[in-house]
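The lines below spell out each chain.
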Amino acid sequence: MDTLIKNGKIVSVEAIYKADILIRDEVVCAIGKDLEHTFLLDDKKMNIIDATGKYVLPGGVDVHTHMDLQAGACRAVDDFYDGTVAAACGGTTSIVDHMAFGPVGCPLHHQLNEYHRLADGKAVIDYGFHGTAQHPMTAENIEELESMIKDGVPSVKVYMTYDLKLDDDEILNVLKRMKELHGVTAFHCENHQIVEKNRKIFPAQGKTSPYYHAKSRPNLAEAEAVRRVLYLAKLAGDAPVYIVHLSCKESLQAVKEARILGQKNIFVETCTQYLTLTEEEYKREDGLKYVMSPPLRTQDDIDYLWKGIEDGEIQVVATDHCPFFFNKEKQLGKDDFTKCPNGAPGVEERMILLYSEGVEKKKISLNKLVEIACTNPAKIYGLYPKKGVLQPGSDGDLIILDPQKEHVLTHDDMHSAVDYTAYEGFSVKGYIELVMQRGRVVAKDNEFTGERGAGQFIFRKAME
């Protein structure tokens with residue numbers, strides 16, 4: 001059945017304008033006025049949605065989630081059903097999930113096959129995967145990057161900390177090969193030696209509370225790793241590099257300096273939590289809820305990151321959605337923060353927080369919100385123009401947002417399987433009234449209306 005969305009204000013990176021949208025056969029067929037007459041539409045044979053007084057945005061694209069992630073002895077609470085239901089209800093209609101480490105020495109396709117098993121038939125929205133490069137990164141693994149791209153995975157993630165991190169020579173080999181293949185290499189940037197030393201010293205000194213999680217992973221541990229990656233990318237001929245979850249002022253300064261010196265192909269992501277929450281959360285009785293890596297920072301860092309978004313230095317805002325039960329897995333850290341699994345929920349809250357905290361508080365424009373949460377992630381990671389934009393030929397993925405309605409974020413209204421939201425009690429202005437995925441309503445008035453397994457694997461393309 002055709003769907004006609006009437007009288008809404010359509011938002012793109014470039015403009016906000018009043019027009020109607022016709023969706024036919026899952027894609028945007030036309031945008032304009034008087035579409036009923038142009039296409040000789042029969043009101044009785046179509047779904048008409050009145051968006052008067054509302055904004056119509058492209059569906060959100062979250063390119064940093066961790067559904068069903070195995071992290072040591074703990075597994076993320078949300079599988080690809082629960083997690084994508086939460087995403088859909090929050091206005092995100094596409095995700096690209098970062099796969100976990102596989103067995104030591106496994107080929108890259110081991111995890112790709114495993115993640116297809118975890119997601120296919122469960123996800124309710126469209127999804128893709130990032131490959132994972134893990135030590136040892138053999139010559140065979142390097143060559144396998146090409147076949148991963150042929151299988152729709154033109155990006156790979158490198159960890160600079162954790163057990164299967166890559167060494168600098170391995171990183172350089174990955175960057176060189178990915179540049180040849182026109183792929184993107186994503187980096188978790190933290191100096192492993194600094195972090196691990198602090199994680200031993202602090203507990204030995206009796207400093208075991210969640211607050212010392214933040215202190216064990218200082219700004220400069222992240223910034224040093226960012227600078228090192230940028231130098232390695234430059235050595236690889238300005239190979240495309242994507243910094244995930246950049247969290248602090250010093251890291252962004254390193255990026256800005258590299259760009260001033262002429263380095264190209266640098267992409268930067270931050271996450272909602274680094275724009276809204278500070279390290280003061282770790283002093284709370286429930287501070288374990290906020291144990292994530294990198295940790296929450298200061299208000300000064302928050303202000304610097306918002307300015308970085310406004311100035312175009314940060315291209316993407318994602319979530320790093322990786323939830324663990326507060327009353328179960330997180331309690332492993334009650335006597336020692338190093339035992340607490342790293343991660344927090346956020347895929348459902350991202351879009352409305354960016355609107356309320358960013359647009360309504362005049363930190364960014366509504367156009368910028370679309371740029372960082374929809375269009376840029378789709379362009380960088382090979383989903384565009386099917387995703388991240390509303391134009392003829394794009395998928396019928398969209399959000400209808402009421403800018404006037406106010407509400408309070410609470411766990412009771414969330415759809416993740418986890419037992420908390422990191423944003424409990426946040427008063428927000430703006431309300432996601434309706435969400436469509438390929439022309440089908442998947443969420444309306446905070447109720448999930450989609451279908452299990454309706455999401456499709458996104459065969460992403462390499463950069464041109």
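Refer to the structure presented above.
These numbers come from a predicted model, not from an experiment. (Residues numbered from 1 in each chain as written. Predicted model: local features only at pLDDT ≥ 70, side-chain atom pairs only at ≥ 80, totals over all residues. Heavy atoms only, no water.)

When you line up the elements, S209 lands in the loop between α6 (192-204) and α7 (211-216). S209 sits in the partly exposed class, given a relative accessible area of 30%. (Helix = DSSP H or I, 4+ residues; strand = E, 2+ residues; numbered from the N terminus. Buried < 20%, exposed > 50% of the residue type's maximum accessible area, 1.4 Å probe, protein only.)

Time to look at the packing of aromatic side chains. Counted by the stated rule, this structure contains 15 aromatic pairs. Ring centres of Y211 and Y212 lie 5.6 Å apart, and the angle between their planes is 80°; this geometry places the pair in the edge-to-face category. Relative accessible area serves as the criterion here: at 23%, Y212 is assigned to the partly exposed category. One aromatic cluster is present, formed by F80, Y115, Y127, F129 and F457 through successive ring pairs. Over the ring of Y384 we find K379, and its NZ or CZ is 5.0 Å from the ring centre. Between the NZ or CZ atom of K405 and the centre of the ring of Y431, over which it lies, the distance is 3.8 Å. (Phe/Tyr/Trp six-rings, centres within 6.5 Å; stacked < 30°, edge-to-face > 60°. Lys NZ or Arg CZ within 6 Å of the ring centre and 35° of its normal.)

Moving on to the nonpolar core. In this structure, F187 and L369 are the most contacted members of the largest nonpolar core, which totals 114 residues. In this structure, F187 is in contact with V158, M160, I171, L175, V229, V241, Y242, I243 and V244, ignoring residues within four places of it in sequence. Judged by nonpolar contacts, the second largest core, of 15 residues, contains V61, V96, V184 and V244. (Core = buried A, V, L, I, M, F, W, Y, C linked by side-chain atoms within 4.5 Å. Contact = heavy atoms within 4.5 Å.)

Quick look at helix α12 (residues 350-359) now. For α12, the tally of buried residues reaches 10 of 10 residues, placing the bulk of the element in the interior. Turning to α12, its buried residues number three or more, namely R350, M351, I352, L353, L354, Y355, S356, E357, G358 and V359.

Mapping E281 onto the fold places it in the loop between α10 (273-276) and α11 (299-310). One polar contact links E281 to R284, side chain to side chain, over a distance of 3.1 Å. Apart from residues lying up to four places away in sequence, E281 is in contact with G287, Y290 and L296. (Polar contact = N/O pair within 3.5 Å; in protein donor to acceptor, adjacent residues only side chain to side chain.)

Contact pair helix α3 (residues 108-119) / helix α4 (residues 139-150): the axes reach a minimum separation of 9 Å and the direction vectors enclose 40°. As the angle between them shows, α3 and α4 are arranged oblique. On the side of α3, the interface is formed by L108, H109 and L112, while α4 contributes N141, E144, L145, S147 and M148. (Axes fitted to C-alpha atoms, helices over the stretch in contact; angles between N-to-C directions. Parallel < 35°, antiparallel > 145°, perpendicular 65-115°, else oblique.)

Another point: the state of the cysteines. Counted under the stated rule, the structure contains zero disulfides. Not engaged in a disulfide, the cysteine C189 finds its nearest cysteine sulfur in C248; these two sulfurs lie 10 Å apart. When its relative accessible area of 3% is taken as the criterion, C189 is described as buried. (Disulfide = S-S within 2.5 Å.)

On to the sheet that holds strand β6 (residues 60-65). Within a sheet, neighbouring strands are paired by backbone hydrogen bonds and run either parallel or antiparallel to one another. The eight strands lie next to each other as β6-β9-β10-β11-β12-β13-β14-β15, forming an open sheet whose pairing is parallel. Of all the strands in the sheet, just β6 and β15 (316-318) have a single pairing partner and so form its edges. Between one strand axis and the next, the sheet turns through 30° on average, direction left out of account. Relative to strand β13 (residues 241-243), strand β12 (residues 184-188) runs parallel, the two being bridged by three bridges. Within β13, the residue paired with F187 across the bridge is I243. (Pairing = 2+ DSSP bridges.)

Glancing now at the environment of P295. Locating P295 in the fold gives a position in the loop between α10 and α11. P295 sits in the buried class, given a relative accessible area of 0%. Residues P295 and G237 lie 58 residues apart in sequence; the distance between their C-alpha atoms is 31 Å. Among residues more than four places away in sequence, those in contact with P295 are E190, H213, A214, R217, S247, Y274 and Y282.

Another point: the pattern of salt bridges. By the definition in use, this model includes 37 salt bridges. Taking the shortest distance from any N to any O, the salt bridge between R440 and E26 comes out at 2.7 Å. With R440 in strand β18 (residues 440-444) and E26 in the loop between β2 (16-24) and β3 (27-32), this pair connects stretches of sequence that are 414 residues apart. We note a salt bridge from R199 to E196, for which the minimum N-O separation is 3.7 Å. Placement of both R199 and E196 in helix α6 is noted, with a separation of three residues, approximately one turn of the helix. Classification of E196 by relative accessible area gives partly exposed; the value is 27%. (Salt bridge = Lys/Arg side-chain N within 4 Å of Asp/Glu carboxyl O.)

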